[in-house]
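What follows is the residue order along each chain.
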Amino acid sequence: MSRMQNAVISSVKTALGWVPAQWLPGGTPDPLIGRSAAIGRQDSRLDGPDKVSGRARFAAEFGMETLSYATLVHSTISRGRIAHLDTAAAEAAPGVILVLSHRNMPRIGTVPLISMADMTAVGNSSLPILQDPEVRYNGQVLAAVIAETQEQADHAASLIRIDYAVDTAKTDFDAAKPAARVPASVLMEKNHVSVGNAERELQRAAHCVDQTYKTPGHNHNAIELHALTVAWDGDALLIHDATQMIAPSAKAQAKLFKLEPEQVRVVSPFVGGGFGAKGLWDHQIVAIAAARLAGRPVRLMLSREGVYRIVGGRSPSEQRVAIGADAEGHFTALVHTGYSIMPPYGACPEQYSLSSRTPYRSKSFEILQRHLDLDIVPNTFMRAPGEAIGTFALECAVDELAHQMGIDPIALRLRNESERHPIHGTPFSQRAQGQAYQDGAKRFGWDRRHAEPRARRDGEWLIGMGCAGGSFPYVRMPNANVRITLRRDGTAVVASSAQEMGMGTATVQSQHAADRLGLPVEHVTFEMGDSTLPAAPIAGGSSQTVSVAGAIMAAAEKLTVELVRLAGNDSAIAGLRAGEIRLADGGVASIEDPSRSESYASILARAGRDELTVTAAGSAPLEVLKYAMHSSSAIFCELRVSEVTGEVRVDRLLGSFDCGTILNPKTAASQFKGGMIMGLGLALTEETLFDARSGRIMNATLADYHIPAHLDVPEIEVMWTGIPDPRSPLGARGIGEIGITGVAAAVANAVFNATGKRVRELPLTLDKLL
Ligand code: MOS
């Protein structure tokens, strides 16, 4: 399959190379670039007051008559089967309505794994859910109890007894290496990249680093736990879910439970953090089936431990990065290979090897990732999947090379900047990584850094500075739809099933729609979070803003055509074609002669209409094949390391970004900073402790899995070039995940500058520095 995908993408790319740019999306820059009013303003979040006052309701907060509560029972072995399942005590316990297991679970198919091609393919795991007595990983759901109260369900679940027939499980990362698989593709990219002869170039190179970097597993820890409140009404299904894929998961549920698409409604106005975790997992399927069997609405909220057990995290990785350079520091070889876990029933390849394809020119490349099949809950997308850990390896290696050569690490990077994409040869739509570095270095005071390690000290504290770059691909998802309703009173409603997971979706899309339609932002309402609205794609890969924006663009074009038609021959714009008209100042106006205009109110009134509605889909995102489109970052860190305890204290962090137009500086700064804090977790504290003997995660609690707390987070500064991307809606690119990429390497490089110690294994805990 993925070999075929490689062939298809490669021939489409070749074909698009010949197609004139103006025929493609982004061929003509979005006219709103440089002409915006609300866009670029620091509007406060529209959902802010609802959130701080508690009016914003999350999936587990929707009340229902006769609501019942579910608790899951997880396996405690990795591989084998249920030999004996005793549910009698649980069934007899007070308040218990139903015990669900493979014995009474309805027969359903498996969930198709996440893919861009099929809108119902949203699964993170294609393993059967309560369909048989097989156990395939430690933590798998084996039963569920439904009871009158949560406490009764929890208690009854503790009474279920399971005897297992235990088989040998594959749970050891190193032991699985000899049987590693080499997939043909990694997401949309060909896996194996081989340009020139990198190994030979390495041997000939004037300067060379060749190192192995390791990163641990990570688990998801959104503030809001995974939860749903679900009710059947006959064959109609209502799901209040915490999901970052509202429309696609409604489609998938319909398919699984053999319903018509319009019989399933997923509502999810607010999500308390997604980060890749809030997709479709076993708990939704179990709760929906339980509600059907119980004939009652069911609420299922995973425990914090439950999230660790059945929601995948980030795969551990072992990466080799080797860089060869000539005497001037021009790269002659760039090797990035390694191992991560991706069982065949999972969807996320942890695409770390994509990190080395974009940032640097090199005479030769050798890039390849290998996948290990372990019997675990399939790891999934998490906070800049791939790039977050791939840039750690790459950007540490670049720093090592710079030190070896006695070159400033920024100078070495800029020396290897490329005019075109180093692998694909396609032109960058826009790239000002050099400027991001230079502006960041100036603001940070990079010139105060001493090139030699251990040069600065404050008592027991060694002080150092480091920097690193990051890159994250621009993604615009296909299948983004919106509906625009223009009303006679001069207001508009823009509707799409889009997701709000904390990033300010409605705020920024209202700003956008206001500018697109030429209305004040107060006159625009953005409706979202409900699968009955025109379908938006999944919010992932930092893609939602441009995906929805592309659909709003398309709908505004359609609206223009409709307005011209409606305006008729009595209008000041009569005789003009849609292409000669722009939407501005609450109406339509001739682009050439703005005095020829008519307001929406006037057009609708004359036509005897209260409102005008159009629905449209965004164009196919072909720009990503014609151009190399990437957000990029330059991250700077100053920190201190105690010579007595080995602890690392980050004093200052600065992110300098090149991500196209910044649509709302306030919400964008929050996202950048949030991402950088996740980067600090990656660098210093986060680590899933996995017992390879039992296949069990041993620190499934926030007490034992350390995410950065307030005292761990220093002053963070963010800045950006703000240069519009001429190929994307509004000139914007993704900002959600780029904040994370580069941080871990910047921290590790600063630790080296402070102490002279290279730590090539995350997290950078004190034991590694003593
Ligand atoms: Mo993201 S890890 O694509 O939600």
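Structure: see above.
## A short note on unusual backbone geometry
Here's step 1: The residue after Leu-762, namely Pro-763, is reached through a cis peptide bond having omega -5°.
Here's step 2: By the element assignment, Pro-763 lies in the segment after helix 18 (743-755).
Here's step 3: Positioned with a positive phi, Arg-383 is a non-glycine residue whose angle comes to about 35°.
Here's step 4: Checked against the element boundaries, Arg-383 lands in the loop between strand 17 (365-372) and helix 10 (387-405).
Here's step 5: For Arg-383, a relative accessible area of 11% translates into the label buried.

## Let's talk about the sheet that holds strand 28 (residues 648-658)
Here's step 1: The mixed open sheet is built from 5 strands, whose spatial order is 18-19-27-28-31. With one partner strand each, in any of the chains shown, strand 18 (456-458) and strand 31 (715-720) form the two edges of the open sheet. Going from strand to strand, the sheet's axes swing by 25° on average, the running direction of each strand aside.
Here's step 2: As judged from the 13 bridges shared by strand 19 (residues 461-473) and strand 27 (residues 630-642), these two strands associate in the antiparallel manner. When the bridges of strand 27 are listed, Cys-467 appears paired with Phe-636.
Here's step 3: Of the strands in this sheet, strand 27, strand 28 and strand 31 are in contact with helix 17 (residues 665-685), which crosses strand 31 at around 125°.
Here's step 4: Seen against the sheet, helix 18 touches strand 19, strand 27 and strand 28 and runs at an angle of roughly 155° to strand 19.

## Concerning the side chain of Thr-229
Here's step 1: Position of Thr-229 relative to the elements: it lies in strand 11 (residues 227-233).
Here's step 2: Polar contacts involving the side chain of Thr-229 include one to the main-chain carbonyl oxygen of Ala-59, which spans 2.7 Å.
Here's step 3: In terms of polar contacts, Thr-229 uses its side chain to reach the side chain of Arg-299, at 3.3 Å.
Here's step 4: Every residue in contact with Thr-229, bar those within four places of it in the chain, is listed here: Ala-59, Ala-60, Phe-62, Met-64, Leu-67, Leu-238, Ile-239, His-240, Val-298 and Arg-299.

## Brief notes about the pattern of salt bridges
Here's step 1: The final tally for this structure, using the stated rule, is 47 salt bridges.
Here's step 2: The salt bridge involving Glu-199 is made with Arg-320; its shortest N-O contact spans 3.0 Å. One end of the pair, Glu-199, is in helix 6 (residues 198-204); the other, Arg-320, is in strand 15 (residues 317-325), with 121 residues separating them in the sequence.
Here's step 3: Note that Arg-456 and Glu-638 form a salt bridge whose closest N and O atoms lie 2.8 Å from each other. One end of the pair, Arg-456, is in strand 18; the other, Glu-638, is in strand 27, and 182 residues separate them in sequence.
Here's step 4: A relative accessible area of 10% places Glu-638 in the buried class.

## Considering the packing of aromatic side chains
Here's step 1: Taken as a whole and assessed by the stated rule, the structure comprises 10 aromatic pairs.
Here's step 2: Measuring from centroid to centroid gives 5.7 Å for Tyr-308 and Tyr-705, while their planes differ by 75°, and the two rings are edge-to-face. In this pair, Tyr-308 is assigned in helix 9 (residues 304-310) and Tyr-705 in the loop between strand 30 (696-697) and strand 31, connecting sequence segments 397 residues apart.
Here's step 3: Residue classification places Tyr-705 among the buried positions, given a relative accessible area of 0%.
Here's step 4: Aromatic side chains Tyr-437 and Phe-636 sit 6.3 Å apart centroid to centroid with 80° between the ring planes, which places their arrangement in the edge-to-face category. Residue Tyr-437 is found in helix 12 (residues 433-444), and its partner Phe-636 is found in strand 27; the two are separated by 199 residues along the sequence. Neither Tyr-437 nor Phe-636 differs from the other in exposure class; each is buried.
Here's step 5: One aromatic cluster in this structure is built from Tyr-437, Phe-444, Trp-446 and Phe-636.
Here's step 6: Lys-177 extends its terminal NZ or CZ atom over the ring of Tyr-339, reaching a point 5.4 Å from the ring centre.

Rules used in this analysis
Residues numbered from 1 in each chain as written. Predicted model: local features only at pLDDT ≥ 70, side-chain atom pairs only at ≥ 80, totals over all residues. Heavy atoms only, no water. Helix = DSSP H or I, 4+ residues; strand = E, 2+ residues; numbered from the N terminus. Buried < 20%, exposed > 50% of the residue type's maximum accessible area, 1.4 Å probe, protein only. Pairing = 2+ DSSP bridges. Axes fitted to C-alpha atoms, helices over the stretch in contact; angles between N-to-C directions. Contact = heavy atoms within 4.5 Å. Polar contact = N/O pair within 3.5 Å; in protein donor to acceptor, adjacent residues only side chain to side chain. Salt bridge = Lys/Arg side-chain N within 4 Å of Asp/Glu carboxyl O. Phe/Tyr/Trp six-rings, centres within 6.5 Å; stacked < 30°, edge-to-face > 60°. Lys NZ or Arg CZ within 6 Å of the ring centre and 35° of its normal.

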